[in-house]
Structure formats: C-alpha cells, structure tokens
Amino acid sequence: MAAVYKSLSKSSTPKPSTSNGVPKKNKQRVLILSSRGVTYRHRHLLNDLYSLLPHSRKDAKLDTKTKLYQLNELAELYNCNNVLFFEARKGKDLYIWMSKAPNGPTVKMHLQNLHTMSELHFPGNCLKGSRPILSFDATFSSQPHLLIIKELLTHIFGVPQGARKTKPFVDHVMGFTIADGKIWIRCFQISETAVSKSDAAKENGVDGAAVTSKVSKKPGDTKISLVEIGPRFVLTPIVILESSFGGPVIYENKEFVSPNQIRSELRLSKAGRYNRRSEQALENRNKRGEMGLRTGVGEREKDELDESVLFA
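Owing to the predicted nature of the structure, the values given are computational and were not obtained by experimental measurement.

1. Some points on empty space enclosed by the protein
Over the atoms a probe the size of a water molecule is rolled, and this reveals where empty space is left. All told, the structure shown has one cavity of 30 Å³ or more when counted by the stated rule. Put simply, the largest cavity is a space of about 30 Å³. What lines the largest cavity is simply Leu 49, Leu 84, Phe 86, Ile 96, Met 98, Phe 157, Phe 233 and Leu 235. Breaking the lining of the largest cavity down by element, the ones donating at least two residues are strand S3 (82-89), strand S4 (93-99) and strand S10 (232-243).

Here is the structure:
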C-alpha cells in the first residue's frame, strides 16, 4: 500500500494555506454514540464504524431522545466538530443523525439493509487506522441537498492526514452511490497481487499483443483489485436542518414513508380481510335462517325455547 499512499500524498494540487503561509490542517474529529434501545446489530455497526474511523471518539448511550441539543455540549466537551448519532425506535428502526457541531447543518436519515462485518464474513481486510479513499457518485453534484450530504459525509468518513491513531497507509475505499433516492454505502479493500507469467500471457495474448487490456502486463507488476470489507448499509435522507440538531427545515424528502406507517397499513389490511370474512359469514347465516335451513354445520334446530324465538 506504500505505492498508493505515495501517489496520493505527492499530488500536484497545492495544499491550502493561511495568510501567514503556514499549511492549513484539516482538523476533523467525530463523536459516535447511540440512544437507548439499540439492538446487537446496531451496536456491531457502531463498533465497525468506530474501527474504520481512527479520528472518532465513542461515548456512552444518550438517555434522552427529545433533547438532542445536548449532543452539542458533548461534542464541545470531547473537542469534536462532527456528531454521528444512532437513534433506535421500537427496537426495530434505526435513524442516523449527522451534524456539524455547533452551528450545523444536520441531516436525519433512515438506515436499512444493514450487514455488519461479522454477519457475511467479508473476505477483505484492511489495516486498522489507515485512511480511506472516498468515492462519490456523480449524482451528488446534481442537487443542492445532495451537495450538503456529500460535504457532511466527507467530513465524517474522510480521515484527515496526521489525525490521532492514523497509520500512513491508504488501503481501502469507501463508495457512496445514489440509486432510487437512497445512498448505498460500501467499503472495499485495495488488494495488490503480483502478476505471474501465466497471468501476463492471458492478459496480453499468446503472441504478446494486448487483447483484453490496453496496458500490457509484465511478470513482476502489481495487479490492483477491490475486495469488499463491510459493513454495508443503505441510507434514506429524511430532513436537513439548518442548525445543529434544531432550526428550520431546509429540505424534506416528500417520498419518504415511515416504517411505522407501513406496519400500520399492513395491520389495517389484515383487519379489513378479517372484517370482510366475518360479514360474509353473518350474511350466510341470515340467508339460511330466512330460507328455513340450518344456520351452520353441527347446529341444532330451533325450537320454542330458543333465544332467537323467545326474544325475537
């Protein structure tokens, strides 16, 4: 990974500097914590992200779900300027708050399709404390609210150079892709393997002419590939607030449907089917009674002491 790190560190772009000519440092620290009621899968996701972000600080669970402005005080206490808060609802739903403390903005998103590192046994692996390469989809530059989300994702998942507990290596890639109005997040390891003579012959052709690739491979060169590490999850943006955990709403996703509403509609549909069956059974009994037939199988015939005859 030293070659990848050297190519990224010796880029031709000049480093931003202040008025005094001193290089400006990218000081980003992330506070990661959750609310009460998180499940074990949510807790494993928090631990996976904490291991991937060496510039983060993990805190205990927050007792309240209404007074979220207290997170600004915690961020100031731990000298963090970014907050990643996991809010669990009803032990099923998980919402993620990403905020730029103390002035904002704040993005609330719904997390779905969660797969932690320990669940799928991803074959990839990376050095703990290494810096990632952030890969964003071109769709992030199409709308203003996506630009805000991209900037927040860059500040939270982009490990600054020289941060605490960081290693001077770049050996994994974090990909952010937008599809169906959702943000799909994946993490891959940059795997370098030496090209053997047989692989070079397959890629370059039998006679040495390049057939499958434009650049011919020679024995001893390195072949770069991506292997998924995990975790993987999908985020659905809900609202964007102007300040940190408060303020006016500057963006709202009108297409988002709450999982509580989906479960409520499913229960109502099941209750509707039961009510229709009950009404049909009652109508059948009434029709049989009007025709002088038995109202049901196994029921006795009506006599003078029957309740329907006495209290008719």
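2. Considering the pattern of salt bridges
Pairing between side chains of opposite charge can happen when their charged atoms approach one another. Overall, the coordinates contain six salt bridges when judged by the stated rule. Across the pair Glu 87 and Arg 89 runs a salt bridge whose closest N-O atoms are separated by 2.3 Å. Overall, the relative accessible area of 2% leaves Glu 87 in the buried class. According to the relative accessible area criterion, Arg 89 is partly exposed, its value standing at 35%. Here Lys 254 ties to Glu 252 by a salt bridge, and the two come within 3.6 Å at their closest N and O atoms. Note on Glu 252: relative accessible area 43%, which makes it partly exposed.

3. Considerations on a nonpolar patch on the surface
A grouping of Val 257, Ile 262 and Leu 266 is seen on the molecular surface, where their side chains present a nonpolar patch of about 250 Å² in accessible area. When you line up the elements, Leu 266 lands in helix H7 (residues 259-290).

4. Examining the layout of surface pockets
Taken as a whole, the second largest pocket encloses approximately 490 Å³ of empty space. Forming the walls of the second largest pocket are 29 residues, and the residues nearest its centre are His 110, Gln 112, Lys 182, Thr 236 and Phe 256. Elements supplying a minimum of two residues to the lining of the second largest pocket: helix H2 (40-52), S4, strand S5 (106-115), helix H5 (144-157), strand S8 (182-194), S10 and H7. When its residues are assigned to classes, the lining of the second largest pocket shows 12 nonpolar, 11 polar and six charged.

5. What to know about the confidence of the model for the protein chain
Taken over all residues, the pLDDT of the protein chain has a mean of 82, while the share at 70 or more is 80%. Per-element averaging of pLDDT across the protein chain places helix H1 (residues 2-9) at the bottom with 56 and S10 at the top with 94. Considering only residues more than four positions removed or in separate chains, one finds that residues 206-214, a stretch of pLDDT under 50, has nine contacts.

6. Some details on the pairing of S4
For S4, the buried fraction is high: seven of the seven residues fall into the buried class. With burial as the criterion, each face of S4 is covered, one bearing Asp 93, Tyr 95, Trp 97 and Ser 99 and the other bearing Leu 94, Ile 96 and Met 98. The sheet contact formed by S3 and S4 spans seven bridges and is antiparallel. In the strand pairing of S4, Val 83 is matched with Ser 99. From the end of S3 to the start of S4, which pair antiparallel, there are three residues, and Lys 90 there has a positive phi angle of about 60°. Connecting S4 to the antiparallel partner S5 that follows it, the hairpin turn spans six residues, and Gly 104 within it adopts a positive phi of roughly 95°.

7. Quick notes on the pairing of S3
Burial of S3 is extensive: seven of the eight residues sit out of reach of the surface. Sheet topology note: the strand S1 (residues 30-34)/S3 ladder contains five bridges and is parallel. Across the sheet, residue Leu 33 finds its bridge partner in S3, namely Phe 85.

8. A closer look at a positive patch on the surface
Together, Arg 57, Lys 128, Arg 164, Lys 165 and Lys 167 line one region of the surface with positive charge. One can find Lys 165 in the loop between H5 and strand S7 (170-179).

9. Some words on the environment of His 55
Mapped onto the elements of the fold, His 55 is located in the loop between H2 and strand S2 (56-58). Classification of His 55 by relative accessible area gives buried; the value is 1%. Along the backbone, His 55 and Phe 157 are 102 residues apart, and their C-alpha atoms lie at a distance of 9.2 Å. Those residues in contact with His 55 that lie beyond four places of it in its chain are Gln 28, Arg 29, Val 30, His 155, Ile 156, Gly 158, Val 159, Pro 160, Ala 163 and Arg 164.

Reading the values: rules and limits
Residues numbered from 1 in each chain as written. Predicted model: local features only at pLDDT ≥ 70, side-chain atom pairs only at ≥ 80, totals over all residues. Heavy atoms only, no water. 1 Å grid on protein atoms, 1.4 Å probe; cavity = no way out; pocket = protein on both sides within 12 Å on 5 of 7 lines; lining within 4 Å. Points joined across faces, edges and corners; volume = space filled by probe spheres on them. Helix = DSSP H or I, 4+ residues; strand = E, 2+ residues; numbered from the N terminus. Salt bridge = Lys/Arg side-chain N within 4 Å of Asp/Glu carboxyl O. Buried < 20%, exposed > 50% of the residue type's maximum accessible area, 1.4 Å probe, protein only. Patch = residues over 30% accessible without salt bridge, like charges linked within 9 Å, V, L, I, M, F, W, Y side chains within 5 Å. Areas by Shrake-Rupley, 256 points an atom, 1.4 Å probe, with all protein chains shown as cover. Nonpolar A, V, L, I, M, F, W, Y, C, P; charged D, E, K, R; others polar. pLDDT = per-residue confidence, 0-100. Contact = heavy atoms within 4.5 Å. Pairing = 2+ DSSP bridges. Lys, Arg positive; Asp, Glu negative; His and termini not counted. Charge placed at Lys NZ, Arg CZ, Asp CG, Glu CD.

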